[in-house]
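The lines below spell out each chain.
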Amino acid sequence: YSDRDAIVNTLPFTDSGRGAYFVNILDKLSGSVNIQIELEGRHILNSPFTSTVVSNKASAANSILFGSIFGAIKAGDVVSIVLSVKDSFNNAYSYADAAVSGIVQSSFYSKEISLVSANIPSYAVSMIFTVTGHYTLTLYVENIQLPSTPFNFTVLPGSIVPENSL
C-alpha cells in the first residue's frame, strides 16, 4: 500500500505462476509516493520504497491562460501572455518540452507566436502592439486548441511607441 489517499491500502496482485507477482497502480498525482509491500504481514526486501510519479502528457483542456493580456492594453504597452500548462490529471506539467503556440489576428494583422518555458509549468511570450484595434488570440498545447480561446481583446490608443515592436 502507499501513503497516497488516491491508492487503496490493499491492491490485488497477479501471480505470474513463475514466482513473480504484478500489481498495476494508477496514481493521478505528481510527486513522491512511499510504497510498502508486505507478504504474510511482513515487509519484503527494500519495502517501503519511494517512487516518483511524473506529469502525464500536457493537456490543452486543463491549461490556464493569464497575463496582462486580460488588462487594459494601450498601443506601446508590453503585453504578457502566460499559460500554466497542466497534464490530463490537472497536475502542473513538469517538463519544458510542451509545444505551446498560438496566433494573434485582426482584420489587418496575423502573427504566429511560440510560448517558451518560463518557470515550469509556465510558458510565456511578451508582445508590443503598435496599432489600435480588435484582436483575437488562439493558443494551442500539443497542437490542440485551448477551450478558452480564441480570446478577444482590444488595443487602445497609447503613448509613445517603442522601436522594434510588433
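To be clear, the structure that these remarks concern was listed above.
Just so you know, the residues in each chain are numbered from 1, in the order the chain's sequence is written. The predicted nature of this model means local features are confined to residues of pLDDT at least 70 and side-chain atom pairs, given and counted, to a pLDDT of 80 or more, with totals for whole chains, interfaces and linings taken over all residues. The side-chain values count all of the structure's non-hydrogen atoms but skip hydrogen atoms and water molecules.

Caption draft 1: Main features of the overall build of the protein. Counting its secondary structure elements, the protein contains zero helices and 16 strands. Only protein chains enter the calculation, and the probe is 1.4 Å; a residue is then buried if its accessible area is under 20% of its type maximum, exposed if over 50%, and partly exposed in between. The proportion of buried residues among the 166 residues of the protein is 33%. Nonlocal contacts in the protein, meaning residues at least 24 apart in sequence, comprise 58% of its contacts between residues at least 6 apart. Computed by Shrake-Rupley with a 1.4 Å probe, the accessible areas treat only the displayed protein chains as cover when residues are assessed. For the protein, the exposed area adds up to about 10,200 Å²; of that, 53% sits on carbon and sulfur atoms. A run of DSSP states H or I qualifies as a helix once it reaches four residues; a run of E qualifies as a strand once it reaches two. Both are numbered from the N-terminal end. Residue contacts follow a heavy-atom distance rule, with two residues in contact if any of their heavy atoms lie within 4.5 Å.

Caption draft 2: A look at the nonpolar core. Core analysis: the largest hydrophobic core is formed by 29 residues, its most contacted members being Ile81 and Phe153. When contributions to this core are tallied by element, the ones reaching two or more residues are strand S7 (58–66), strand S9 (78–87), strand S10 (100–106), strand S11 (109–114), strand S13 (122–128), strand S14 (133–141) and strand S16 (151–156). Each nonpolar core is a collection of buried residues, namely Ala, Val, Leu, Ile, Met, Phe, Trp, Tyr and Cys, held together in the definition by side-chain atoms within 4.5 Å.

Caption draft 3: Inspection of the packing of aromatic side chains at higher detail. Two aromatic rings, drawn from Phe, Tyr or Trp (for Trp, its six-membered ring), form a pair once their centres lie within 6.5 Å of each other, and the interplanar angle then sorts them: stacked below 30 degrees, edge-to-face above 60, tilted otherwise. Taken as a whole, this structure holds eight aromatic pairs when the rule is applied. Arranged with centres 6.5 Å apart and planes meeting at 65°, the rings of tyrosine 109 and phenylalanine 129 form a pair that is edge-to-face. Note that tyrosine 109 is positioned in strand S11 and phenylalanine 129 in the loop between S13 and S14, a separation of 20 residues in sequence. Here the two residues tyrosine 109 and phenylalanine 129 agree in accessibility, since each one is buried. Linked through ring pairs, Phe70, Phe108, Tyr109, Phe129, Tyr135, Phe151 and Phe153 together constitute an aromatic cluster.

Caption draft 4: Here's a closer look at the environment of glutamine 105. Here glutamine 105 lies in strand S10. On the accessibility criterion, glutamine 105 (34% relative accessible area) is partly exposed. With 33 residues separating them in the primary sequence, glutamine 105 and threonine 138 have C-alpha atoms 8.5 Å apart. Those residues in contact with glutamine 105 that lie beyond four places of it in its chain are Ser110, His134, Tyr135 and Thr136.

Caption draft 5: Spotlight on the pairing of S13. In terms of residue burial, S13 counts as a mostly covered element, since five of its seven residues are buried. A pair of strands is considered paired only if DSSP assigns at least 2 bridges between the two. Sheet topology places S9 next to S13; seven bridges connect them, and they run antiparallel. When the sheet's bridge partners are listed, isoleucine 81 is paired in S13 with valine 125. When strand S12 (residues 116–117) meets S13, the two strands line up antiparallel, connected through two bridges. The partner of serine 117 across the bridge, within S13, is tyrosine 123. Counted between consecutive antiparallel strands, the loop separating S12 from S13 contains four residues.

Caption draft 6: Structural view of the sheet that holds S9. Taken in spatial order, the four strands line up as S7-S9-S13-S12 in an open sheet, and their pairing is antiparallel. Unpaired on one side and paired on the other, S7 and S12 mark the two borders of the sheet.

Caption draft 7: How the structure looks around the environment of glutamate 142. One can find glutamate 142 in the loop between S14 and strand S15 (144–145). A residue is classified by how much of its surface remains accessible, and glutamate 142, at 27% relative accessible area, is partly exposed. For the pair glutamate 142 and aspartate 97, spaced 45 residues apart in the sequence, the C-alpha separation amounts to 9.8 Å. In this structure, glutamate 142 is in contact with Lys57, Ala58, Asp97, Ala98 and Ala99, ignoring residues within four places of it in sequence.

Caption draft 8: Broad picture of the side chain of threonine 138. For threonine 138, the position within the fold is in strand S14. Overall, the relative accessible area of 7% leaves threonine 138 in the buried class. Not counting the four nearest positions on each side in its chain, threonine 138 is found in contact with Ser101, Gly102, Ile103, Gln145, Thr149 and Pro150.

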